[in-house]
Every structure is written in structure tokens, then in C-alpha cells.
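Letter by letter, the chains look like this.
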Amino acid sequence: MVGGCIGGERVQTRLSTSAAVGRHDITPAKPTSSLTSLPLTWPHKGWDVKVVQEVVPSHRKPRNLSDRIAWRVIRLWGMDFLTGMPSEQKAGNNYRAMSESQWLVRFVFLETVAGIPGAVAGGLRHLHSIRRFKLDQGWIKTLLEESYNERMHLLTFLDMYRPGKLMRLMVFLAQGIFYNTMFVGYLLSPSFCHRLVGYLEDEAVATYTKCLDEIDKGRLPQWTDPNFKIPDLAVKYWNMPEGKRTMRDLILYIRADEASHRGVNHTLANLDQVSDPNPFIEGHSNINHMHLAAVRPAGLEREEVLEKYALKD
Ligand SMILES: [Fe+2]
Ligand SMILES: [Fe+2]
């Protein structure tokens, strides 16, 4: 299932008319632009340029049966199949690179799914806290902030791509299935769900890395056109500096966010789900928690968390 043919969607290229390379219609509408006048609920802390460049795809080796099941689930029902990602290795000379619109279809679908786990986990932990009269060990905010961050990814891409009816139906069904599965799954085994999300984020980092490779190989000319403008919302949310506002810069920022989710979720999966502190809680250390998570692809080990990041009274 690929790109521009799902439900007759149109892609907003945001190229100036003269610079358009003519593969898609150009529409002036900006569905998310009105949001740029609203204050951000959770402003992004920004990215260190060095960290952003250093993010690499990784795979945390499963260490037990639960890990192996989580990894299999992600591989078997992986997004490559659902969104028609071609493999250059397998296709060889028959490889056909994905167009900008096909990448946007993939991103939009991935991000509609990616925004669910943090909201489910944060919501359930919130309910648990008020039902059991217990503190949450600092987990809720990080989880809700993760789902907000994913939603900002989605809103950014929606400024460049307008889903058609079929795509909307797919998102509706995927959301219904994934939300409810995640809800029940998190009640049964929160650590399994965090591991599953960790592996999903491994895949997200790989996807954005592949997109960066394609940009660097010159296969996505609309995005490297000097007249291409990324959405205002993205500039505001990531506080992107002047001169660093290309599509490549934007993908680098988003990939770094995914790397951060990867580190957070693999770490949370390593912890005791009831009693251990969230080491990424803000103000807990002077280290930017997103940076800390991004540079630890397999997450922090439990002993390390308890030793260095135990909550102090
Ligand atoms: Fe995302
Ligand atoms: Fe993510």
C-alpha cells in the first residue's frame, strides 16, 4: 500500500509555484498553521546539534521470552508491511525509491499509532494513582509528554499532506484496535508494553534514518529544493534556528525525538513497574532527560537507575 494512491489524498508540497517539480498538486491551505498562535502545552527542550547527528539505528537484543515476543510482534506486524516500504537490499536493481508523498503517508500513519501508547500508559497510571492514593514515581508526565511529542510530529506532517477518505478509515480502525489492545495489555503487563514500544521506536529511528539517506542520495528533490519551506508549527515547536530549517533538519529533530522515546521505553521496561522511579523526570538531575535517553538506545539498566537516579525526599 503506497503513498499518493490511498484514498486520493493530496500532498501539500509547500514549494513556491515556480519551484514545484510537478509530481503533486500544490494547495495553499495549511491545516495546522492556526496552531502556531497558541501557546505550546509542553514546549520542546530543544536538541543539541551533536546529539541529533549522533543518533543511530539500533536493536536491543531480547533477553527473555517476553522480550522475544515483543520483538516478534513488531517485526511480524511491522510498519514496513503496512505502509509499503520497499527494501533496497531485496529489490536490487528493481528498487524504486519512495516519493515525498509516499514518505508522508508512512509518516502520518506511523505517527497516528505512535501517539497512543504514552496516552494509554500515562492515563492508566494517573487512574491508578488517584484510585490507590499513591504517588506515581514520576512516570505520568514523561508518558503524556511523549504522546504530545508524537502528536506534534503528526501535526507537522499534516501540514504537508492531507489524508483522503481511505487513509482516514485506516487510521480510525488502527486507532480503535491499537488503543484497546494497548489498554488491556498495559493492565496485564506494563513492562511488556514498554518493551514493545521500545522496539517500535527502534523501527521509527530506522525509518527516519532511511529517509535521511534518501534525502542525501538526492532521491527526494522536492524536499531539497531551496524554496521548500517546512511548516511554521515545526519551527516554533522545535525552536529551529534560522539557517537550520530544511526538511533534512526537521527529520533529524524528529529522529532524535524517536531515539529519546526508544531509550525511555526500554528503560521503563527494565524497571519495577510499581516502586521504581522514572529517571527521566524533569528537575531530577541537571541532565536533559531527552538527551540522556537518546544516547542510550537500549535504555538504562535498573541497577543504574536505582543507584544514580533514586528519588530523594
Ligand atoms: Fe513520532
Ligand atoms: Fe516515538
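Residues numbered from 1 in each chain as written. Chains lettered and ligands numbered in written order. Predicted model: local features only at pLDDT ≥ 70, side-chain atom pairs only at ≥ 80, totals over all residues.

Draft legend 1. Representation of the overall build of the protein in the model. The number of helices and strands found in the protein is 14 helices and two strands. Burial status across the protein gives 40% buried among its 313 residues. Considering only residue pairs separated by 6 or more positions, the protein has 82% of its internal contacts joining residues 24 or more positions apart. (Helix = DSSP H or I, 4+ residues; strand = E, 2+ residues; numbered from the N terminus. Buried ≥ 20, exposed ≤ 12 C-beta atoms within 10 Å, placed from the backbone. Contact = placed C-beta atoms within 7 Å.)

Draft legend 2. Highlighting the UniProt feature "transmembrane region" (unreviewed entry) in the protein. Residues annotated by UniProt as "transmembrane region" (unreviewed entry) correspond here to residues 103-124 and 169-188. Secondary structure content for residues 103-124 is 95% helix and 0% strand, and the end C-alpha separation is 33 Å. As annotated, residues 169-188 comprises 100% helix and 0% strand, and the C-alpha atoms at either end are separated by 29 Å. (UniProt positions renumbered as here; feature names shortened; annotations may be inferred.)

Draft legend 3. Representation of the UniProt feature "binding site: Fe cation 2" (unreviewed entry) in the protein within the structure. UniProt feature "binding site: Fe cation 2" (unreviewed entry): in the numbering of this structure it lies at Glu-150, Glu-201, Glu-258 and His-261. The greatest C-alpha distance among the annotated residues, which extend across 112 residues, is 11.2 Å, indicating that they converge on a single site. Dropping the residues within four chain positions of it, Glu-150 is found in contact with Glu-111, Ala-114, Gly-115 and Gly-118. One can find His-261 in helix α12 (residues 247-270). Residue classification places His-261 among the buried positions, given that 26 C-beta atoms sit within 10 Å. Here His-261 is in contact with Glu-146 and Glu-201, once residues within four sequence places are set aside.

Draft legend 4. The arrangement of unusual backbone geometry in detail. The phi angle at Gln-137 is positive, at roughly 60°, despite the residue not being glycine. At Asn-239, a position not held by glycine, the phi torsion is positive, near 50°. Following the sequence through the fold, Asn-239 ends up in the loop between α11 (232-237) and α12.

Draft legend 5. Seen up close, the nonpolar core. The biggest cluster of nonpolar side chains holds 64 residues, and the ones touching the most others in it are Leu-104, Val-108, Tyr-253 and Ala-256. It is α12 that provides the largest number of residues to this core, a total of 11 residues. Those residues within four positions of Ala-256 in sequence are excluded, and the remaining contacts are Trp-47, Val-51, Val-52, Val-55 and Ala-294. (Core = buried A, V, L, I, M, F, W, Y, C linked by C-beta atoms within 7 Å.)

Draft legend 6. The arrangement of the packing of helix α2 (residues 65-76) against helix α9 (residues 190-216) in detail. Put simply, α2 and α9 touch, their axes get as near as 9 Å, and they point 45° apart. Comparing their axes, α9 and α2 come out oblique. When the axes of α2 and α9 are compared, the crossing they make is right-handed. Side by side, α2 and α9 meet where Ser-66, Asp-67, Ala-70, Trp-71, Val-73 and Ile-74 of the first sit next to Phe-192, Arg-195, Leu-196, Tyr-199, Leu-200 and Glu-203 of the second. Here the residues of the contact of α2 with α9 sort into eight nonpolar, one polar and three charged. (Axes fitted to C-alpha atoms, helices over the stretch in contact; angles between N-to-C directions. Parallel < 35°, antiparallel > 145°, perpendicular 65-115°, else oblique. Left-handed = near helix turned anticlockwise from the far one by under 90°. Nonpolar A, V, L, I, M, F, W, Y, C, P; charged D, E, K, R; others polar.)

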